[in-house]
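# Examining the three-dimensional arrangement
Residue strings, one per chain:
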Amino acid sequence: MSAPIITTIIPFDAILEYILSFSYTGFQVRKNRIIIKNNATNVTVFDETITSTLLKHTIPANILTNGTTYSVQIQVYDIDNNASPFSNTIVFSCLSTPLLSFSNLNNGDTVKESYINAQISYTQSEGELLNNYQVILYNYAKQEIYNSGTISGTILTTLISGLEDNSQYYIRAIGETVNHIPLDTGYVSFLCKYLKPSTFSFIEPKNNEKEASMSISSHIISIEGVINGTPIYIDNNMIDLTENGLKVVFDEAFSLSEDFTLHIQGKNFTSYTDFLILKNSQNNNIITLSWMNYLDSTRTPYKSYAKLSANGKLGLYTLFTERINIPSSTDIIHFWLRRVDNNYEFKIANKGGA
Amino acid sequence: MFFGMSFIGSTNSNFASPIYRDDVDYMEVKNGIIDDLYLTANVTDAYTTEIPTIWDYDTILHAKFEGDLFAGNADFSMNTVSHLRVKRRKKGTYKWVTLFEIPINKKEDFNFTKTDRYARGKTEYEWAIVPVLNGTEGNYNIASLTTSFEGIFIVDANKIYHSKYNIGHINPKRQKPSTVVVPIDRRYPFVISNGEVNYYSGEIKATFIEESVDGEDTAFNFERAWEYRDGFKDWLLNGSPKIIKYDDGRMWLVMVTGDIDEETDGHWDNVKTTFGFTEIGDCESNQDLYNNGLIDVYMDGE
């Protein structure tokens, strides 16, 4: 007559009930008996027979004690109360439920950087060691987007980078102890939102077939103007340079040698003054844009226009835009200047109130 | 003379271009409330009052005065960015691999060209330049491209060897050691496979020869071909890890193992070189590439 077989029992928490499964090939099972002994003292701590055709037996909660090693055997009975031989003896331990969590991240946190250094916290009352774990990142729909792979239990931090600004993520760690107790932090949600240094630099990859390589070029241009006073910004998208003598100069990392098109727009230009100067710092040849008013017979301004002045071989070359109605203090005036070879085009438009 | 005047008679009367066309390296704005200032080398687009919002290769300067005086395509300066990182990932995946980290000490450091030698063939990748500000990474500026090359390449950080001739079938073996235990009292055996060992090994056979390409014509250096092959073998056996990549997308991080054979095939100039390799790491891992001396930047967790 064959005996039941118990397979390996992963340590479980004695304060919770545990369903022990076994296999048996033979007669139809009507009852099964379980005997659990303290493995150190061989004293029987639990001996129970139940009537059941199922190949399992429930060990009630709090019958066993955490931190203790036990041995277990099972025998089954047929309808005539004939008992099978006892099963193989399996030794197992009861251990408190270990806790795996993120020590630096709580559900609903906001992460203010584009990366997270996830720190794992592991505790277990009886000294059961953490064997390994994985950290998994999910998007807002809980679709897996990153898996760290298996990390040894001796390393308790893992870096996940490339988080996108203003995005919802879930992070989860799963692992096991040295005796294969499964661990799971569950899904921990966080929002990634950071103040970022933004750049719209160009990255240009090129395929180099001859060398099976890719050349990666950057085209970052950093130009910063210099002001000879305190800048006053209006609505964070305009700068007030109406104060007499105040100006912004761009003269570094900036050079123009070919044909060009220039756009400049603003408001409240001071009459009969220059508002834009382009210059070659070596020979001082200047292109100047000035804001002008057209006066009627009583010398009252009734139209506005802009004037271009440029050094020429014949003296000062001038070009005028068309005249427009005197703009209001809120009207945005747009100027368009194009140079092709030695020819200039110069246009003006009133874009209306800002 | 005409009416006593010679109005086209002076030296400069007939100049076609009276205005100096000098380089401009200085610009000054003042005497108004300035909203936007934009300068481009594009002189073909039609007149418009709409100032372009996209920085392109013709853009020279664009100052928007949005609380700062930046006029380049970066709203940071070298005082606020310590490094730029170049990263790469397969399109459609999440994981980036950092390939380069460029320190920024002067404005010129922002413009660079780096060579990525460790991308697979026939694969669409994304590359990103990422500014780093006091440990915080900024926006990922991304561009993508599909790689393409022909033949087989063996590369490290300093050298490239290539062949597209007489390439033998590349059928590397995937190794995962295991033991089969046959018990007495069971029908089926136990298979024991301990550890995570799981790697490729194989053999490369091809003709490696120095060639020069001039348009459609390719010339081979047969005279000193043995020297070229000797130099190739010296490099293979220098004890340093290599990347082997094949144009169909397969790629391995390897060490050359065993002997290197040569055989001629029909003609003494038609020499095939054969060598073995064993995979030693993940060719897509920043840490493995760094630990094997193929890149200079180490990023924890990649």
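What counts as what
Residues numbered from 1 in each chain as written. Chains lettered and ligands numbered in written order. Predicted model: local features only at pLDDT ≥ 70, side-chain atom pairs only at ≥ 80, totals over all residues. Heavy atoms only, no water. Core = buried A, V, L, I, M, F, W, Y, C linked by side-chain atoms within 4.5 Å. Buried < 20%, exposed > 50% of the residue type's maximum accessible area, 1.4 Å probe, protein only. Contact = heavy atoms within 4.5 Å. Pairing = 2+ DSSP bridges. Helix = DSSP H or I, 4+ residues; strand = E, 2+ residues; numbered from the N terminus. Axes fitted to C-alpha atoms, helices over the stretch in contact; angles between N-to-C directions. Polar contact = N/O pair within 3.5 Å; in protein donor to acceptor, adjacent residues only side chain to side chain. Buried area = accessible area lost by both parts, 1.4 Å probe. Nonpolar A, V, L, I, M, F, W, Y, C, P; charged D, E, K, R; others polar. Lys, Arg positive; Asp, Glu negative; His and termini not counted. Salt bridge = Lys/Arg side-chain N within 4 Å of Asp/Glu carboxyl O. Expected span 1.5 Å × (residues − 1). Arc of directions from axis to C-beta.

### A short note on the nonpolar core
Taken as a class, soluble globular proteins show a tendency for nonpolar side chains to be buried jointly. By size, the foremost hydrophobic cluster in this structure holds 41 residues, and its most contacted members are Phe-250, Phe-254, Leu-262 and Phe-335 of chain A together with Leu-37 and Leu-61 of chain B. If sequence neighbours within four positions are ignored, Leu-61 of chain B has contacts with Ile-223, Phe-250 and Phe-254 of chain A together with Met-27, Leu-37, Tyr-38, Leu-39, Trp-55 and Ala-71 of chain B.

### A closer look at the sheet that holds strand S13 (residues 157-161) of chain A
All names here are of chain A. Taken in spatial order, the three strands of this open sheet run S7-S9-S13, and their pairing is antiparallel. Single-partner strands in this sheet number two, and they are strand S7 (99-102) and S13. Mean inter-strand twist for the sheet, computed between neighbouring axes without regard to direction, equals 25°. Where strand S9 (residues 115-123) lies against S13, five bridges are found, and the strand directions are antiparallel. By the bridge assignment for S13, Asn-117 is matched with Leu-159.

### Concerning the sheet that holds strand S20 (residues 271-281) of chain B
Residues and elements named next belong to chain B. Across the sheet, which stays open at both edges, the seven strands sit in the order S11-S10-S18-S19-S20-S15-S12 with antiparallel pairing between neighbours. Only two strands of the sheet have a single partner each, and these edge strands are strand S11 (160-163) and strand S12 (173-175). Between one strand axis and the next, the sheet turns by 30° as a mean value, whatever way the strands run. As defined by bridge partners, strand S10 (residues 152-155) adjoins strand S18 (residues 242-246) across four bridges and the pair is classed as antiparallel. Within S18, the residue paired with Ile-154 across the bridge is Ile-244.

### A closer look at the side chain of Thr-68 of chain A
Summarising the element assignment, Thr-68 of chain A is placed in strand S5 (residues 68-77). At 3.3 Å, the side chain of Thr-68 of chain A forms a polar contact with the backbone oxygen of Thr-65 of chain A.

### Observations regarding the interface of chain A and chain B
Of the residues lining the interface, 106 residues belong to chain A; the matching set on chain B comes to 97 residues. Summing both partners gives a buried area of about 10300 Å² for chain A against chain B, and 58% of it is carried by carbon and sulfur. Scanning the region where chain A abuts chain B turns up 31 residue pairs in polar contact (both at pLDDT 80 or more). Among the residues making up the side of chain A that touches chain B, the classes are represented as 49 nonpolar, 34 polar and 23 charged. With seven bridges joining them, strand S23 (residues 260-267) of chain A and strand S2 (residues 33-40) of chain B adopt antiparallel strand pairing. Counted as the bridge partner of Lys-267 of chain A is Ile-33 of chain B from S2 of chain B.

### Notes on the side chain of Lys-245 of chain B
For Lys-245 of chain B, the position within the fold is in strand S18. Buried charge Lys-245 of chain B goes without a salt bridge, the closest partner of opposite sign being Asp-116 of chain B at 6.5 Å. In terms of polar contacts, Lys-245 of chain B uses its side chain to reach the backbone carbonyl oxygen of Arg-117 of chain B, at 2.7 Å. Not counting residues within four places of it along the chain, the set of residues in contact with Lys-245 of chain B comprises Ala-212 of chain A together with Arg-117, Tyr-118, Ala-119, Phe-149, Gly-151, Ile-152, Phe-153, Arg-250 and Met-251 of chain B.

### Digging into helix H1 (residues 225-236) of chain B
Residue and element names in this part refer to chain B. Here H1 contains twelve residues, and its C-alpha end-to-end distance of 16 Å stays within 8% of the 16 Å for a straight helix at 1.5 Å per residue. All of the buried residues in H1 are Ala-225, Arg-229, Phe-232, Lys-233, Trp-235 and Leu-236. Relative to the axis of H1, the buried residues are bounded by an arc of 160° and lie together on one face.

### Comments concerning the pattern of salt bridges
All names here are of chain B. Enumeration over the complete set of coordinates arrives at 21 salt bridges over all chains. One salt bridge in this structure joins Asp-116 and Arg-88, with 2.9 Å as the shortest N-O distance. In this pair, Asp-116 sits in strand S6 (residues 113-116) while Arg-88 sits in strand S4 (residues 83-90), placing the two residues 28 residues apart along the sequence. As far as the burial class goes, Asp-116 and Arg-88 line up, both buried. Across the salt bridge formed by Glu-263 and Lys-205, the nearest N and O atoms sit 3.1 Å from each other. Taken together, the positions of Glu-263 in strand S19 (residues 251-264) and Lys-205 in strand S15 (residues 199-206) put the pair 58 residues apart, joining distant regions of the chain. Glu-263 gets classed as partly exposed once you look at its relative accessible area, which sits at 35%. Overall, the relative accessible area of 28% leaves Lys-205 in the partly exposed class. Three or more residues are tied together by salt bridges with common partners; here these are Arg-88, Lys-90, Asp-116, Arg-120 and Glu-284.

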